[in-house]
Amino acid sequence: MTDVPAERLDVAALLELRTWTAHDVDDAGRVLAGYDGSGSVQLVEIEPDGRRTELTALPGRCSGRYLPGQRAVVVEHDEGGDERAQLSLLRLDPPQVRPAGLDGLEPLVRDPDHVHTLVDVRDGLVAYATNRRNEVDFDVVVKDLATGAERVLYDGGGYVAETAVAPDASTVAVTLHSLQPCSTQVRVVSGDAGVRDVTPPGEHALHEQVRLRPDGSLVMASNSGREFTGVAVVAGDGCWTWLVEDDDHDLAVWSSPDGQHLVVGRWVDGAMSLRVHAGTGEPAYEVSLPAAGDLQVRWSAGSTHAAISLLAPAVPGDVFVLELATGSLRRAVSAADEAPRGLVDRLVAPDVHRVPTRDGEQIPCLVYAPAAPDGSVVLTIHGGPEGQALQSWSPVVQAMVAAGHTVVAPNVRGSTGYGKRWYSLDDVRLRLESVADLADVRAWVPTVGGDPGRVALYGGSYGGYMVLAGLTMQPDLWAAGVDVVGISSLVTFLENTSAYRRAVREREYGSLERDRDFLVAASPMTHLDRLRRPLFIVHGANDPRVPLSESEQIKAALDAKGVPCTLLVYDDEGHGLAKRPNRLAAYPQALAFLATHLRV
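What counts, and at which threshold
Residues numbered from 1 in each chain as written. Predicted model: local features only at pLDDT ≥ 70, side-chain atom pairs only at ≥ 80, totals over all residues. Heavy atoms only, no water. Helix = DSSP H or I, 4+ residues; strand = E, 2+ residues; numbered from the N terminus. Rg over C-alpha atoms; globule rule 2.2 N^0.38 Å. Contact = heavy atoms within 4.5 Å. Areas by Shrake-Rupley, 256 points an atom, 1.4 Å probe, with all protein chains shown as cover. Lys, Arg positive; Asp, Glu negative; His and termini not counted. Charge placed at Lys NZ, Arg CZ, Asp CG, Glu CD. Polar contact = N/O pair within 3.5 Å; in protein donor to acceptor, adjacent residues only side chain to side chain. Pairing = 2+ DSSP bridges. Axes fitted to C-alpha atoms, helices over the stretch in contact; angles between N-to-C directions. 1 Å grid on protein atoms, 1.4 Å probe; cavity = no way out; pocket = protein on both sides within 12 Å on 5 of 7 lines; lining within 4 Å. Points joined across faces, edges and corners; volume = space filled by probe spheres on them. Buried < 20%, exposed > 50% of the residue type's maximum accessible area, 1.4 Å probe, protein only. Arc of directions from axis to C-beta.

A. Focus on the overall build of the protein chain. On a plain count of helices and strands, the protein chain comes out with ten helices and 36 strands. Relative to the compact-globule value of 25 Å for 600 residues, the protein chain shows a C-alpha radius of gyration of 23 Å, a close match. Overall, the C-alpha framework of the protein chain stretches about 65 × 60 × 45 Å when taken along its three principal axes. In the protein chain, once contacts between residues fewer than 6 apart in sequence are set aside, the share between residues at least 24 apart is 53%. Surface summary for the protein chain: the accessible area is close to 22,400 Å², and the carbon and sulfur share equals 49%. Here the protein chain carries 54 positive and 81 negative side-chain charges, and the mean point of each set is 3 Å from the other.

B. Expanded view of the side chain of S376. Mapped onto the secondary structure, S376 falls in the loop between β30 (362-368) and β31 (377-381). Side chain to side chain, S376 and H405 meet in a polar contact 2.6 Å long. For S376, the contacting residues outside a window of four places in its chain are G404, H405, T406, R454 and L598.

C. Molecular detail of the sheet that holds strand β10 (residues 125-130). With antiparallel pairing, four strands are arranged side by side in an open sheet as β9-β10-β11-β12. In this open sheet, the two edge strands, each paired with only one partner strand, are β9 (116-122) and β12 (150-154). Along the sheet, successive strands turn relative to each other by an average axial angle of 30°, direction set aside. Where β10 and strand β11 (residues 139-144) come together, six bridges link them in antiparallel fashion. The residue bridging L125 from the neighbouring strand is D144, located in β11.

D. Spotlight on the side chain of T472. Within the element layout of this structure, T472 appears in helix α5 (residues 462-473). Among residues more than four places away in sequence, those in contact with T472 are P524, H527, L528, R530 and L531.

E. Here's a closer look at empty space enclosed by the protein. What the rule picks out here adds up to one cavity of 30 Å³ or more. Of the volumes computed, that of the largest cavity is approximately 50 Å³. If you go around the largest cavity, the residues you meet are G60, R61, D78, G80, G81, D572, E573, A578 and K579.

F. Main features of helix α7 (residues 499-509). Listed in full, the buried residues belonging to α7 are Y500, R501, V504, R505, E508 and Y509. When α7 is viewed along its axis, its buried side chains cluster within an angular range of 130° and face the same direction. Turning to α7, the residues buried within the fold contact β14 (171-177), α4 (431-444), α5, α6 (490-496) and α8 (516-521). Following α7 by one or two positions, G510 has its phi on the positive side, about 125°.

G. View of the sheet that holds strand β27 (residues 315-323). Spatial strand order, β25-β26-β27-β28: four strands in an open sheet with antiparallel pairing. Looking at which strands have only one partner, the edges of the open sheet turn out to be β25 (294-299) and β28 (328-334). For this sheet, the mean inter-axis angle between neighbouring strands, taken without regard to orientation, is 25°. In terms of strand pairing, β25 meets strand β26 (residues 305-312) through six bridges, oriented antiparallel. The residue bridging L295 from the neighbouring strand is L310, located in β26.

Note that every value here comes from positions in space, so none of it alone points to a role or purpose.
Below is the structure:
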């Protein structure tokens, strides 16, 4: 282990830090973890005594789940970030001699032209969602591993966001993106009973983390008829009971497979804390983690253990195992153990601020303050738009702070985590209200020591759209912009994104048929003649969400205008940069670009 001197706390040192997440845990307490030590996230098994076995060495990142009843893992992987997930089986008995490449996996579902997303596992069964029927709608299929036979559980149409399968695979609960923006619908398919709508298709509400209990009831996080999500159970007769409620904050829930326990997460300004509850909702105990942050929970098949992944600004990746019988919590692995001495101690956590707007609203903002601020400011805008600025691990944000930039991460209107009203304030023809929020934040930066003449924009995906919208629609406000896989035209984006995503995205942005005039008006390409600040763009060639053409068209137009624009394209990446070598190539250039254009 080496020390990192002050002058070396740069983006390369931070990007070199290895991270851990938990994909699954079994009833013996073994963790199936994701680890990016090789440069992309691969599978590693962690024994209760801490011993580790590297399981995969695939060309790109992968994920997986333990197969109950066997020493085996179902592996989900794609090709170069194209998100057309394929499924394979990796047997762990006899133990692995070396990490498995593609030739060491048993094919389960292989069709590289379509998506096959692993949604659930049962003893001898694998359930997945696929768009292979018509490339648009997702069907849920269960595969019997002993016979190879497949059975369609759901083919009622729509974009399947989540799926929960009953232990005997006789019933499936499907969560679909619904007719309203940022809303979902829950349907249950059960044997001869057919399809039952648990929630109305036109309801403006989110229903998430839906799980089937052994008694046939459903547990979910929902804001049906509410401002903030609570934890509800829905009986077979359709009767709703609220188990856990909070009048001021959104809740998340992970229900144990046996229905006897709930792990409930409480969101406060982009950070989550956890509490264990009984299945009936009564609180049991807090889960004592080193920080609140970006958390995920995975239950073992027998409900004996829960694996918890924690990412926080000063926690680059910890995995814990909670033993339900005793309430004991052990850290299975920590990214900090592999970090150079002095690095983690110098990571910066944000303060939370509320920024007043032109119309009396308040924008929640996370502000990361450097030890030696120089007055420069970078606004980092999250993706989504149905997302939020999280108090999570970001080597790029930490590198910006180390370079002397004050980093402001706003949760502009349209962001989740602050109730239904706030995330609805950018729907369809309200889109540009969220862009106007950027100007309000820029006017506020002197409050935290920022120079309003030295503020840059940085964002990915929808955040990249916001960068481009700010530079084109507010050209005098910004010094420069960094756009990662962003949308330059809402029209061409909707025309060229993957067919299975188009209908879902139209519900948020507007319909090509009904709202084309507004989509044109809200597109950065429409206002390109006003852009005069330098722009830095990063894009993956295999991006199925925001096609590379979105970046290519704005690059070509700016070249013709003589406006400085750099475009980096990575042929083996999709929606973002998943591989460390590519991140090490791209992000130091992006940070150098910001340093150049934010100088005094």
